[in-house]
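# Descriptive structure summary
Residues per chain, in single letters:
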Amino acid sequence: MITSPHVSEQAVLAALREAFGAVSPTDDPTDVPTDSAAPGRFVVDLPGGGDVIHFPAVLPAAGVYAVKVSPYLPRPAGPAVVTAWTMLVSLSTGQPVALLDASDLTVERTAATTVLAADLLLPPDARSAAVIGYGRVGRAHARYLRQVRPGMTVRAVSRKRPEQVDDGVRAVATLQEAVAGADLVMLCTSAAEDVLDPRTLEPGTVVTSLSTNAPGAREIPSAAVPELDVYVDAHTSLEVATELVQATASGWDSASVRGDLAGLVTGSAPRPSGDRPVYFRSVGLGIEDAAVAWAACRSNDNDTTEEQSR
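First things first, this report covers the structure right here in the doc. In this convention, every chain numbers its residues from 1, walking through the sequence in written order. This being a predicted model, a pLDDT of at least 70 is required before a residue's local features are given, and a value of 80 or more before pairs of side-chain atoms are given or counted; all residues contribute to the totals for chains, interfaces and linings. The side-chain values count all of the structure's non-hydrogen atoms but skip hydrogen atoms and water molecules.

## A short note on a nonpolar patch on the surface
For patch detection, residues must exceed 30% relative accessible area and be free of salt bridges, and they are connected within 9 Å for like charges or within 5 Å for nonpolar side chains (Val, Leu, Ile, Met, Phe, Trp, Tyr). All accessible-area figures derive from a Shrake-Rupley calculation using a 1.4 Å probe, and residue coverage is judged against the displayed protein chains alone. One speaks of a salt bridge when a side-chain nitrogen belonging to Lys or Arg is within 4 Å of a carboxyl oxygen belonging to Asp or Glu. Taken together, the side chains of Val58, Tyr65 and Leu91 present a nonpolar region at the surface, about 240 Å² in accessible area. With respect to the helices and strands, Val58 occurs in strand β2 (residues 51–59). Where helices and strands are cited, they refer to DSSP runs of H or I of at least four residues and of E of at least two residues respectively, numbered from the N terminus.

Shown next as structure tokens:
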């Protein structure tokens, strides 16, 4: 059991690249990917409110099956209880390999997934980024962006102006000031309503969005989706992401999605057209949890080996 797992940003990014790079494409390029290595997520509703989300995945190269279990438990008074635990099971023995407290790891994999996709979607000369929502997750996004694009300037805005920002980040007062001229806009809120309409941005601007526990979570209007170059973490996310589900119900053809993260990592997904804003939507996948948990296990093993050798 690892109750305080730690893994470096470089190791997280490398683990995600390796995991998504190992996802095999279909033989027929006209087929919609099945995402067998990223089978989505499954929700069990609880009596009286709340739910438990399960994130399964297989890491064939590591020889492990993984499942992250994340309960969301509302309380009559005070904030809801949200926890996350990832278990790794050996594919050769069927026995548990590790159980990890995944609360911090979830923040890491969420930010790293966004930044990995953004790095692959942005042109080499991208210079500026905006972080909308500079809480724990937003700060992690800025931190990972500095790993892959250290030369980019970062502006951050939140409902409550942050009293302190990390190195390389400048706090601004308004959303408009944050996104003005930005090559990358990372939405990191817990909103269940529109935060930004990407159609107001210049063609080629990359906008990223993520999911939270908020019912019906979305950060852009569904009406904007048909006018964007859309990418997803996996095609299964089309059945989960609120604005994509709503856009499909209104007649948007989800087959127009330009690619997923596996395709971006392997180079099989087409580049953005340059004619429209670019939208990357992630909902959180078991393959991300599995990859980062496995990296944390290896990091823990290395730390233990070094300590024993002293």
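## Quick word on the pattern of salt bridges
A side chain of one charge can pair with a side chain of the opposite charge if their charged atoms are brought near each other. By the definition in use, this model includes 15 salt bridges. For the salt bridge of Arg143 with Glu108, the shortest nitrogen-to-oxygen distance reads 2.9 Å. Highlighted residues: Arg143 in helix α3 (residues 136–148) and Glu108 in helix α2 (residues 103–121), separated in sequence by 35 residues. Classification of Arg143 by relative accessible area gives partly exposed; the value is 25%. Bridged by salt links that share partners, the residues Lys68, Arg109, Glu288 and Asp289 form one connected network. Under the scheme applied here, a residue whose accessible area is under 20% of the maximum for its type counts as buried, over 50% as exposed, and between as partly exposed, the area being computed with a 1.4 Å probe on protein chains only.

## Re the pairing of strand β3 (residues 64–73)
Two strands are counted as paired when DSSP detects at least two bridges linking them. As paired elements, β2 and β3 share nine bridges and run antiparallel to each other. Looking at the pairing, Asp51 lines up with Tyr72 of β3. Linkage of β2 to β3, two consecutive antiparallel strands, is achieved through a turn of four residues, within which Gly63 is found at a positive phi near 70 degrees. Pairing analysis gives six bridges linking β3 to strand β5 (residues 85–90), with the strands arranged antiparallel. Across the sheet, the residue bridging to Ala66 is Leu88, located in β5. Of the strand pairs in this sheet, β3 and strand β4 (residues 81–82) are connected by two bridges, and their pairing is antiparallel.

## Remarks on the environment of Gly168
Residue placement: Gly168 occurs in the loop between β8 (153–157) and β9 (169–171). Taking relative accessible area as the criterion, Gly168 reaches 54% and is therefore assigned exposed.

## Section: the packing of α2 against α3
Axis definition: a line fitted to C-alpha atoms, over the contacting stretch in the case of helices. Angles run 0 to 180 degrees between N-to-C directions. Running from N to C, α2 and α3 cross one another at 50 degrees; their axes reach a closest spacing of 8 Å. Between α2 and α3, the crossing angle belongs to the class labelled oblique. At the point where α2 passes α3, the crossing takes the right-handed sense. Seen from α2, the contacting residues are Ser103, Asp104, Val107, Glu108, Thr110, Ala111, Ala112, Thr114, Val115 and Asp119; seen from α3, they are Arg136, Val137, Ala140, His141, Arg143, Tyr144, Leu145 and Val148. Following the grouping adopted for this structure description, the nonpolar residues are Ala, Val, Leu, Ile, Met, Phe, Trp, Tyr, Cys and Pro, the charged ones are Asp, Glu, Lys and Arg, and the polar ones are all others, Gly among them. Residues of the contact of α2 with α3, tallied by class, amount to nine nonpolar, four polar and five charged. Oblique is the label for any angle not under 35 degrees, not over 145, and not in the 65 to 115 range, which are roughly parallel, roughly antiparallel and roughly perpendicular in turn. Here a crossing is called left-handed whenever its near helix is offset anticlockwise from the far helix by less than a right angle, and right-handed whenever the offset is clockwise. Between two residues, a contact is recorded if the distance between any of their heavy atoms is within 4.5 Å.

## Quick word on helix α5 (residues 242–249)
Residues Thr242, Glu243, Leu244 and Ala247 constitute the buried set of α5. Those residues of α5 that are buried lie in contact with β12 (229–232) and β14 (278–281). Following α5 by one or two positions, Gly251 adopts a phi angle in the positive range, close to 110 degrees.

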